[in-house]
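Observations on the model geometry
Below are the chains, spelled out letter by letter.
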Amino acid sequence: MHARRILTRLGIALAVLIVVVLGGPLVVNAVATGRPVLGLQVAGESRARVWTDASAVADGIAARRAATTVTLTAGDVTQTRTLDSLGLVDRSDELHAALLDAGRDGSFWQDVVTQTRAVWGREHVAPPPDRLDPAALGDAVDALADKVAVAPTDASVALTGGQVEVTPDVRGVRLDTSGARDAILDAVHADRRSADLPTDPVPASVTSADLTAAATAVSAAVERPLVLAARGTRVTVAPERVFAALPVTVGDGGANVGVDAAKLSGDIDAVAGKVDREPELRIVMADTVVAPGVEGHRLDKAVAAQAVLGEVQARAAGGGSDVVTLPVTTLPFREQEATPGAFTGDTTVHLTFDDGPGAHTEAILDILKAKHAHATFYVVGDRARQHPETIRRILAEGHRLGNHSATHADLTKLTPEQVTEEIATTQELLTEITGVRPTAFRPPFGAVNDVVRAAAADEHVSVDLWTLDPQDWRAPGATVVRGRVLASAKPGSVVLLHVLQPGTVDALPGIIEGLRARGLAVD
Ligand SMILES: [Zn+2]
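Quick caveat: nothing in here was measured; it's all calculated off a predicted structure.

Next up on the list: the coordination of the zinc ion. All of the protein donors around the zinc ion are Asp355 (OD), His404 (NE2) and His408 (NE2); their distances to the metal are 2.0 to 2.2 Å. Sequence spacing of the donors to the zinc ion: D-x48-H-x3-H. Remark: His408 occurs in the loop between strand S20 (400-403) and helix H15 (416-434) and Asp355 occurs in strand S18 (residues 350-356); sequence separation between them is 53 residues. Grouping residues by exposure puts Asp355 and His408 together as buried.

In structure tokens form, the structure reads like this:
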């Protein structure tokens, strides 16, 4: 028993010696870390952890690698991307297997030998190489290409500050996608944190050189004034519209100056607005001309557009003239024979004079008196206050007096209270001046709505408009005013005249005579 005990103790001593000699560092390591031992070197990891928790270490390494960024530069665009977003393939399983391969195969002695080598720093596990999934990398490159892409800008001809200038073309940029893919792969494999990606220039389809000759031609056409003339009317076309009418187009044969005369239709309309005029009737009664008749004029816009087109085409070709005369058609007046007594029944025509008392009211009263004719005067309160004698004369000579508001405002734009005040204060004033309360009211501008009608009803006045408007306030001249009244008057006509223009005064005797010559009464 004693010898066996000795042998046993010798065996234990031998075993301890073996462990101490071969496994000494392991023991030291175990004592130092308090953990089971392995010393594989993995960058950033403690040796002990690599052995005890290889799976988590592999996951951690893969996650860090996935989160590693690389800065991609292409043209003006810089993007920092994670390797994960560039399609990094997850290799945590491969890494785990590599760690296990390198670390242990399960036998105690293998462990001892391998671990011992590892502890001494001679065992190193390199991570398996990075790989990028081609489809994911392709998507990432395509997305980057969209960001990098800059479309080229074609050269163009513009009018700036009255000068025709060529705006130069700008080349575009596009990503060289296959070169970019290679550059990214190179950077990832070499573990670089940045990559410059190649780009290609994209030329514009229209260059400045293409447009130079056309721009010179347009410039010559735009710098000269273009005047549209018709019947003494002249409209100068703005250079911007001449420019717009000469569009520069680019085709296979190079740049051309086009023609778009429709761009000048606004100018033709402006000429027509000044030239167009309807003819007035000529009225003759018993060899006496009571209305002289007035010729009308009309600009033929289709013919005018042709003339303008011809000018613009000539300018595009380097010719043309400065003034384009547009053809005007003369519209003859019709003659109408007026016969006395042609009308039956009540043949009265009602003359009315608005907006007084004014500079010509007294002259109009003189004419009416001389012709034994009567009229209605719709007077403005603010003016009546200045000329009470004229107001009294109107009534004294047998004319009718009407209310035309206090200030000649558009009553449809006022509040109900304001409308009432406009009518009521004028009623009070006229009653005060004449002793007679008016019963007639004409709204300024003939502007009427329910509010105006209600206020007039409250003040017990009628709302009077008119049936014949010769537009005498536009001062077309006595002949025209007279002609318009005589051409359209018929029994019961209410003629709107004003006390504002001398032409109305001059027309009045002829109007009264002409109406009476036609068998109409001016009471
Ligand atoms: Zn008026």
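Next comes the rest of the description.
Once that is clear, we can look at the packing of helix H12 (residues 361-370) against helix H18 (residues 502-517). Between H12 and H18, the least distance of the axes is 10 Å, while the angle of their chain directions is 20°. As the angle between them shows, H12 and H18 are arranged roughly parallel. The chirality of how H12 crosses H18 is right-handed. For the pair H12 and H18, contact is made by Ala363, Ile364, Ile367 and Leu368 and by Val505, Leu508, Pro509 and Ile512, respectively. Along the lines of polarity and charge, the residues of the contact of H12 with H18 split into 8 nonpolar, no polar and no charged.

Moving on to the sheet that holds strand S21 (residues 440-441). Strand order in the open sheet made by the 6 strands is S22-S21-S20-S19-S18-S23, with parallel pairing throughout. This sheet does not close on itself; its edge strands, each paired only once, are strand S22 (462-463) and strand S23 (494-498). In this fold H12 packs onto S18, strand S19 (375-379) and S23, with an angle of close to 165° to the strand it touches most, S19. Each of S18 and S23 is contacted by H18, which is oriented at about 165° to S18, the strand it contacts most.

Turning next to the pairing of S23. Of all the 5 residues making up S23, 5 are buried; the element is thus mostly covered by neighbouring parts of the structure. Of the two faces of S23, the one carrying Val494, Leu496 and His498 and the one carrying Val495 and Leu497 are both buried. In this sheet, S23 lies alongside S18 in parallel orientation, the contact comprising 5 bridges. The residue of S23 that forms the bridge with Leu351 is Val495.

Parameters and conventions
- Residues numbered from 1 in each chain as written.
- Predicted model: local features only at pLDDT ≥ 70, side-chain atom pairs only at ≥ 80, totals over all residues.
- Heavy atoms only, no water.
- Donors = N, O, S within 2.8 Å, 3.2 Å for Na, K, Ca; no water.
- Helix = DSSP H or I, 4+ residues; strand = E, 2+ residues; numbered from the N terminus.
- Buried < 20%, exposed > 50% of the residue type's maximum accessible area, 1.4 Å probe, protein only.
- Axes fitted to C-alpha atoms, helices over the stretch in contact; angles between N-to-C directions.
- Parallel < 35°, antiparallel > 145°, perpendicular 65-115°, else oblique.
- Left-handed = near helix turned anticlockwise from the far one by under 90°.
- Contact = heavy atoms within 4.5 Å.
- Nonpolar A, V, L, I, M, F, W, Y, C, P; charged D, E, K, R; others polar.
- Pairing = 2+ DSSP bridges.

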